[in-house]
Amino acid sequence: MLDQADTIAMDVPPEADSGPTRAAGEEKKIKTTGRVTVNKPIITARDVNVRYGDKHAIKDVDIDIAYNEVLAMIGPSGCGKSTFLRCLNRMNDTVDIARVTGRIELEGHDIYDRKTDVVTLRARVGMVFQKPNPFPKSIYENVAYGPRIHGLARNQVELDEIVQTSLRKAGLWEEVNDRLEQPGTGLSGGQQQRLCIARTIAVSPDVILMDEPCSALDPIATAKIEELMDELKENYSIVIVTHSMQQAARVSQRTAYFHLGDLIEVGETERIFTNPRHKLTEDYLTGRFG
Amino acid sequence: MDTAEKVRAGLGKRYAAERRFRLFGMGAIVVALCFLVFLFASIIGNGYTAFQQTFIKITVHLESEVIDPRGQRDLHKLRTADYGALVKKSLRAQFPEVSGRRDKRKLYGMVSNGAAFDLQAMVMRDPDLIGKVLDVWVAADDDIDMLMKGHIDRGRPEAERRLKDLEVGWIDRLIADQRLEMRFNSAFFTAGDSREPELAGIWGAAVGSFYTLLVTLLLSFPIGVGAAVYLEEFAPRNRWTDIIEVNINNLAAVPSIVFGLLGLAVFINFFSLPRSAPVVGGLVLTLMTLPTIIIASRAALKSVPPSIRDAALGMGASKMQMVAHHVLPLALPGMLTGTIIGMAQALGESAPLLMIGMVAFIVDIPGGPFDPATVLPVQVYLWADSPERAFVERTSAAIMVLLGFLALMNTLAVFLRKKFERRW
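Conventions used here
- Residues numbered from 1 in each chain as written.
- Chains lettered and ligands numbered in written order.
- Predicted model: local features only at pLDDT ≥ 70, side-chain atom pairs only at ≥ 80, totals over all residues.
- Contact = placed C-beta atoms within 7 Å.
- Helix = DSSP H or I, 4+ residues; strand = E, 2+ residues; numbered from the N terminus.
- Nonpolar A, V, L, I, M, F, W, Y, C, P; charged D, E, K, R; others polar.
- Domains from an automatic or database assignment.
- Buried ≥ 20, exposed ≤ 12 C-beta atoms within 10 Å, placed from the backbone.
- Pairing = 2+ DSSP bridges.
- Core = buried A, V, L, I, M, F, W, Y, C linked by C-beta atoms within 7 Å.
- Expected span 1.5 Å × (residues − 1).
- Arc of directions from axis to C-beta.
- Axes fitted to C-alpha atoms, helices over the stretch in contact; angles between N-to-C directions.
- Parallel < 35°, antiparallel > 145°, perpendicular 65-115°, else oblique.
- Left-handed = near helix turned anticlockwise from the far one by under 90°.

> How do you make sense of the interface of chain A and chain B when you look at a structure like this?
By a widespread convention, an interface's size corresponds to the accessible area lost as its parts come together. Residue-level contacts link 20 residues of chain A with 16 residues of chain B. Elements represented by at least two residues in the side of chain A that touches chain B include exactly helix H3 (118-124), strand E6 (125-128) and helix H4 (139-150) of chain A. Ranked by residue count, the leading element in the side of chain A that touches chain B is H4(A), at four residues. Broken down by class, the residue content of the side of chain A that touches chain B amounts to ten nonpolar, six polar and four charged.

> Even after reading the chapter, I still don't get the domain arrangement of chain B, so can you show me in this structure?
Residues and elements named next belong to chain B. Partitioning chain B into domains gives domain 1 (3-48), domain 2 (52-196) and domain 3 (203-420). The gap between the C-alpha centroids of domain 1 and domain 3 is 34 Å. Per-class residue counts for the side of domain 1 that touches domain 3 are two nonpolar, two polar and no charged.

> Before we go on, may I ask you to explain the pairing of strand E3 (residues 70-74) of chain A in this structure?
Working note: regular strand, side chains alternate between the two faces of the sheet. Residues and elements named next belong to chain A. Of all five residues that make up E3, five are buried, and the element is covered over most of its length. Two strands pair when backbone bridges link them, and E3 and strand E8 (residues 237-241) are joined in this way by four bridges, in the parallel orientation. Opposite Leu 71, over in E8, you have Val 239 as the bridge partner. Both E3 and strand E9 (residues 254-259) contribute to a ladder of four bridges, which runs parallel.

> I tried to follow the nonpolar core on my own but got confused; where do I start?
Counting 175 residues, the largest nonpolar core has A:Met73 and A:Val239 as the members making the most contacts within it. Inspection of this core shows a minimum of three residues originating in each of domain 2 (52-196) and domain 3 (203-420) of chain B. Not counting residues up to four positions away in its chain, the partners in contact with A:Met73 are A:Lys81, A:Phe84, A:Leu85, A:Val239, A:Val241, A:Ala256 and A:Phe258.

> Where do I start with helix H17 (residues 376-384) of chain B in this structure?
In an α-helix, one turn spans 3.6 residues; hence positions three or four apart end up facing the same way. Residues and elements named next belong to chain B. Of all the nine residues making up H17, seven are buried; the element is thus mostly covered by neighbouring parts of the structure. For H17, every residue scored as buried is listed here: Leu 376, Pro 377, Val 378, Gln 379, Val 380, Leu 382 and Trp 383. Buried positions along H17 lie against helix H10 (203-234), helix H16 (351-355) and helix H18 (390-420).

> Would you mind showing me how to read the sheet that holds strand E4 (residues 98-106) of chain A here?
Hydrogen bonds along the backbone pair up the strands of a sheet, which may run parallel or antiparallel. An order of E2-E1-E4-E5 (chain A) is seen for the four strands of this open sheet, with the pairing classed as antiparallel. The open sheet has two edge strands with one neighbour each: strand E2 (55-66) and strand E5 (109-110) of chain A.

> Would you take a moment to explain helix H4 (residues 83-94) of chain B for this structure?
Residue and element names in this part refer to chain B. With twelve residues, H4 should cover 16 Å at 1.5 Å per step; its first-to-last C-alpha distance of 17 Å lies within 8% of that length. Looking at H4, one finds that the buried residues are Tyr 83, Leu 86, Val 87, Ser 90 and Leu 91. Seen along its axis, H4 keeps its buried residues to an arc of 135°; they face one direction. Buried residues in H4 make contact with strand E1 (52-61), helix H2 (64-67), helix H5 (101-108) and helix H6 (114-125).

> How should the packing of helix H1 (residues 3-47) of chain B against H18(B) be read in this particular structure?
The relative placement of two packed helices is expressed as an angle between their axes plus a distance between the axes. Residue and element names in this part refer to chain B. At a closest axis distance of 7 Å, the pairing of H1 and H18 adopts a crossing angle of 125°. Classified by the interaxial angle, the pair formed by H1 and H18 is oblique. In terms of crossing hand, the pair formed by H1 and H18 is left-handed. Mapping the contact onto sequence places Ile 43, Ile 44, Asn 46 and Gly 47 in H1 and Val 392, Glu 393, Ser 396, Ala 397, Ile 399 and Met 400 in H18. Among the residues forming the contact of H1 with H18, the class breakdown is six nonpolar, three polar and one charged.

> Explanation requested: the sheet that holds E8(A) in the structure shown.
Residues and elements named next belong to chain A. Spatial ordering of the open sheet is given by E6-E7-E8-E3-E9-E10, a layout of six strands whose pairing is mixed. The open sheet has two edge strands, E6 and strand E10 (262-268), and neither has a second partner. Each adjacent strand pair in this sheet contributes to an overall mean axis angle of 20°, direction not counted. Contacting E6 and strand E7 (207-211), helix H7 (residues 189-201) crosses the sheet at an angle of about 170° to E6.

Next comes the structure, spelled out in structure tokens:
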């Protein structure tokens with residue numbers, strides 16, 4: 001299997017992630033090791049396939065996401081973990097050639113149904129991106145933007161309150177409360193990323209998707225974000241894509257290992273890291289490739 | 001040979017190539033600057049004298065028998081009175097020795113035809129002046145102006161001069177009497193076109209240009225930006241949008257005269273819009289500037305980082321909200337720059353306007369976009385085509401005014417870009 005991975009053709013999806021995927025004609029369903037279901041899921045994904053033109057980026061992925069948990073998705077570059085994450089709030093819609101099939105349900109409602117409104121969906125499933133991307137507006141405006149467009153605050157007082165609570169929850173209030181009118185782009189990288197988190201939680205989503213949120217940050221800023229995720233899981237479900245296995249081990253309750261578009265193994269984070277059952281998972285975790 | 005030696009061996013050649021390129025670059029800039037200096041020197045050298053004009057002081061008696069024989073102060077009567085006769089009379093009084101029809105006509109030709117209109121305007125403004133004797137400075141004829149500015153050489157034989165010895169003698173007497181001097185040529189900035197150089201001004205063309213550009217801006221900016229936003233943010237990427245893109249790029253390179261012919265056929269012949277009107281000029285220039293604005297606006301939209309779009313969409317903003325709240329404000333400085341550059345292009349355009357009749361000789365200042373008008377570059381063309389020597393300096397002066405407006409607009413573009421440019 002490993003040798004194959006090294007020698008087969010390189011299929012590169014047009015996403016940021018790139019790397020080898022399985023060559024055509026070799027399609028056979030890989031059964032996921034470990035239990036993909038949970039007792040009370042907020043999101044259930046079944047038979048999810050994503051194709052970018054001819055490239056098959058995600059293959060028959062089944063997985064549940066529970067309430068109040070942090071699910072970490074790990075795997076080598078190009079394994080499709082970011083692609084899968086972007087399916088959960090339909091950000092793949094913005095890629096013209098992406099085609100998603102299968103069924104993803106948020107609290108029992110198919111999010112790819114014709115009747116599902118993508119604006120409502122994204123208000124419930126928020127997203128934090130790899131590179132901090134605050135709007136080039138003031139800190140206040142950054143956080144107030146979501147509540148404003150969704151009409152969550154009836155007046156200025158309520159809006160102020162939402163902004164303050166969101167910044168507090170994101171652990172940023174103490175640092176910025178005296179300069180809310182300054183541009184969000186003037187903050188440090190770690191502060192910017194926490195601002196993006198504050199912006200996301202300002203619309204009180206049910207799920208927060210994080211796409212390598214710490215890859216552009218230094219270790220201290222990273223530690224702060226990880227701490228924050230631990231607090232946030234009290235109220236939200238968090239799905240995080242990360243390249244750092246240590247981070248996955250530190251912040252998540254469950255871990256999913258992706259490889260070349262297949263979901264190889266899912267399980268309790270502790271179990272995965274101490275006792276991986278699939279050969280590929282073990283090889284990846286022990287650093288034999290990645 | 002070790003690596004360091006090999007590197008050293010090729011080093012001289014590498015640096016020489018760099019030096020050569022620098023020299024070429026500097027040489028090109030020096031040559032360009034030389035041409036620029038030459039251009040400005042010749043325009044300003046030819047044109048600066050147009051801002052001065054020779055005036056003659058005449059002593060006029062505003063006789064009530066001529067202006068208002070019945071004393072009714074009827075405005076119509078005041079307007080139609082024979083002020084020219086008063087001017088002539090005052091000149092005869094100034095030079096009582098002149099006799100004979102031919103000499104007298106020469107004498108009357110000393111002052112501009114505009115002198116009578118000056119008197120008329122004075123009387124209309126203040127009818128109480130009637131009956132008084134006044135000293136009035138009136139514009140001299142353009143030949144006298146040219147003599148004063150040295151464009152007519154006194155040293156040449158009389159037969160080769162436009163001004164004969166007799167007239168030169170009168171001029172010298174006027175100078176000696178301090179009745180002739182150079183003054184600021186305010187008519188140039190306030191009057192419309194005229195067949196008499198000393199009365200011709202740039203204001204009519206400037207107003208025409210203003211109305212034309214106003215129409216162009218009001219149409220091309222919203223349409224151009226809207227088209228760019230739709231093509232860049234909403235339209236699907238397929239064969240049709242590819243064809244549209246190629247066509248827009250091609251339209252930017254179409255000779256402007258073709259747009260003029262199109263405007264003539266469509267706006268004037270088919271829609272029967274008025275000839276020579278700024279509104280048609282504006283429509284034609286809109287067609288011409290749209291590709292520029294669309295291309296610049298699309299480039300500005302492309303330069304907005306996709307992460308901002310992701311952020312907005314990820315927050316649950318609709319596509320329209322994403323564009324209106326985030327993308328457009330960031331792209332606007334670039335769009336404005338493109339628009340102003342397009343406008344500057346339109347301001348300097350003359351060929352398509354010739355086609356729709358804006359080359360007509362129009363004396364009145366246009367009162368709106370539907371009045372016949374001409375524009376600055378066409379005015380330059382018209383004056384450059386006129387035979388009188390005095391139009392040479394006016395042509396250059398008009399070019400200076402046009403260049404001034406262009407420089408102003410480009411400065412504005414740079415200023416706007418610097419002011420609203422946002423970094424992140």
